[in-house]
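Per-entry structural report
Spelled out from the first residue to the last, the chains are:
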Amino acid sequence: MGGLVEQIVEAVRSVVPPCAAPAPLHAPEFRGAEKAYLADCIDSGWVSSVGAYVDRFERELAALTGAARAVAVVNGTAALDVCLRLAGVQPGDEVLVPTLTFVATANAVAYRGATPHFVDSEGLTLGVDPYRLDAYLDRIARVTDGACVNRRTGAPIRALVAMHVFGHPCDIDGLVEVANRWRLVLVEDAAEALGSRWRGRHAGTFGRLGALSFNGNKIVTTGGGGAVVTDDPELGRRAKHLTTTAKVPHAWAFDHDEIGWNYRLPNLNAALGCAQLDQLDGMIARKARLAGSYAAAFAGLEGVSMLTPREGAEVNHWLNALILDKPDMAVRDAALETLNAAGFGARPLWTLMHRLPMYAGCPRDELPVAAALAARVINLPSSAALADA
Ligand SMILES: *Cc1c(COP(=O)(O)O)cnc(C)c1O
């Protein structure tokens, strides 16, 4: 065991030289017009929840993703909340989500008064496994009057949230098929996948609605921020309305026609986002180079491999995931300890959702692949700047 851990640390050292440590998992980078755009906001007085940068950021996101509409919001979690509300998720519903995800995916379901229902992932993309999901639904669900119902609980299974892990597109074609067959609204948690595409189409645009995040640790950041993307103009209009307090447009009256949110992204944050989007292509190119260096460094090492884009996927290389051939918590933890002690910000997968106390009682399929992956995955320092090291 000592041997493999030492070899892992050596390989990381060959990519990230000690002079580049401490190397956090993912550091933001501001090399463009950030300061100029922020100064412009301050000089103009438009710093808050309306302003030209909000409109521009939304237009640029729509153009980048190819979605008919993008609506900027305060963070990715809020974006998921909006997606699920617009997907028609009701209190008492169940929503299928991967157990292998960041906690926001499950929390957004809980915010709706619905129950997350956990399903397993597959090892090639780390995303939800459509074959296992279909077989599971055969066992526990039926479609009645065009709606999917859990035969065990009697609750409607309203939606499926697919997540693109670390920017690797999941088997979205398979999940679209399963969602159609079982009458599930497909929502994509594309928080990690800005700039990632499957067969030329941007992540987050396959389902009815998609959520993006611009948190400080994502590939580009607005400080904090998110967006809802959709191809349905009516859903786009609803997303904008609901996230802007459901205010009825009027020159001077304060009139609201339903319970909305104040989820508006401030102009300051959108300005940062516009400057960051200008640099996205360059970020992806440098991160691809870093991924190539990791791939080369680990190519000859027995017992491990890097998570590799499958054919047809364009990956943003947000995080570089090292995968142990065999689940081994002891090796995983020893590698994490040693790497972090040496100043390399390596991290494990998130604690699986069904193991968190608030979700332990939720319905779920058997989750052997996700459970094994939890003992196999080590994320390595992935800042674009490391490509220049
Ligand atoms: C970052 C992230 C979110 C939440 O985004 P925030 O902007 O931090 O609220 C949701 N889902 C996944 C998978 C994420 O990685």
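The rules we used
- Residues numbered from 1 in each chain as written.
- Predicted model: local features only at pLDDT ≥ 70, side-chain atom pairs only at ≥ 80, totals over all residues.
- Heavy atoms only, no water.
- Core = buried A, V, L, I, M, F, W, Y, C linked by side-chain atoms within 4.5 Å.
- Buried < 20%, exposed > 50% of the residue type's maximum accessible area, 1.4 Å probe, protein only.
- Helix = DSSP H or I, 4+ residues; strand = E, 2+ residues; numbered from the N terminus.
- Domains from an automatic or database assignment.
- Contact = heavy atoms within 4.5 Å.
- Pairing = 2+ DSSP bridges.
- Axes fitted to C-alpha atoms, helices over the stretch in contact; angles between N-to-C directions.
- Buried area = accessible area lost by both parts, 1.4 Å probe.
- Salt bridge = Lys/Arg side-chain N within 4 Å of Asp/Glu carboxyl O.
- UniProt positions renumbered as here; feature names shortened; annotations may be inferred.
- Polar contact = N/O pair within 3.5 Å; in protein donor to acceptor, adjacent residues only side chain to side chain.

1. Examining the nonpolar core
Counting 46 residues, the largest nonpolar core has F57, L61, F166, L194, L212 and F214 as the members making the most contacts within it. When contributions to this core are tallied by element, the ones reaching two or more residues are helix 2 (34-44), helix 3 (52-65), strand 1 (69-73), strand 11 (226-230), helix 9 (267-277), helix 10 (280-299), strand 14 (320-324) and helix 12 (368-374). Taken together, domain 1 (2-29 + 279-388) and domain 2 (34-277) each give at least three residues to this core, which thus spans both. In contact with L194, not counting residues within four places along its chain, are L61, L64, H202, L212, F214, I219, V220, L277, L280, I284 and N316.

2. So, the sheet that holds strand 6 (residues 157-163)
Spatially, 1-11-10-7-6-2-3 is the arrangement adopted by the seven strands of the open sheet, whose pairing is mixed. Both outer strands of the open sheet, strand 1 and strand 3 (115-119), are each paired with one neighbouring strand and no more. Pairwise comparison of adjacent strand axes, ignoring direction, gives a mean angle of 25° for this sheet. Pairing analysis gives three bridges linking strand 7 (residues 185-189) to strand 10 (residues 209-213), with the strands arranged parallel. Pairing of V187 across the sheet is with L209, part of strand 10.

3. Details of the domain arrangement of the protein
One frequently used descriptor of interface size is the decrease in accessible area upon assembly of the parts. Along its sequence, the protein is carved into domain 1 (2-29 + 279-388) and domain 2 (34-277). Summarising the inter-unit geometry, the C-alpha centres of domain 1 and domain 2 are found 25 Å apart. The interface is formed by 42 residues belonging to domain 1 together with 54 residues belonging to domain 2. Of the roughly 4,000 Å² buried at the junction of domain 1 and domain 2 (both faces included), carbon and sulfur atoms supply 62%. Broken down residue by residue, the surface that domain 1 buries against domain 2 is led by R310, W318 and W350, which jointly contribute 18%. There are two salt bridges connecting domain 1 and domain 2.

4. Comments concerning the UniProt feature "active site" (unreviewed entry) in the protein
With numbering aligned to this structure, UniProt lists the feature "active site" (unreviewed entry) at K218. Within the secondary structure, K218 is located in the loop between strand 10 and strand 11. Exposure remark for K218: the relative accessible area of 11% places this residue in the buried category. K218 has contacts with H26, A191, E192, S213 and W318, leaving out every residue within four places of it along the chain.

5. Quick look at helix 4 (residues 76-86)
Note on helix geometry: an α-helix contains 3.6 residues per turn, so any two residues three or four positions apart are oriented the same way. In terms of residue burial, helix 4 counts as a mostly covered element, since nine of its 11 residues are buried. Two or three places before T77, at the opening of helix 4, N75 has a side-chain oxygen 3.1 Å from that residue's backbone nitrogen. Of the residues trailing helix 4, G88 is marked for its positive phi of about 85°.

6. Side note on the pairing of strand 14
Of all five residues making up strand 14, five are buried, and the element is well covered by its neighbours. Where burial is concerned, the two faces of strand 14 agree: the one with N320, L322 and L324 and the one with A321 and I323 are both buried. Note that strand 14 and strand 16 (residues 377-380) share four bridges and pair antiparallel. Bridge pairing in strand 16 places I323 opposite V377.

7. Examining the pattern of salt bridges
Inspection of every chain in the model, using the stated rule, returns 20 salt bridges. The salt bridge involving R56 is made with E60; its shortest N-O contact spans 3.0 Å. Taken together, the positions of R56 and E60, both in helix 3 and four residues apart, correspond to about one turn of that helix. The class for E60 is partly exposed, based on a relative accessible area of 24%. Where E177 meets R181, a salt bridge forms, and the shortest distance between an N and an O atom there is 3.2 Å. Here the residue E177 and the residue R181 both occupy positions in helix 7 (residues 172-181), the gap between them amounting to four residues, near one helical turn.

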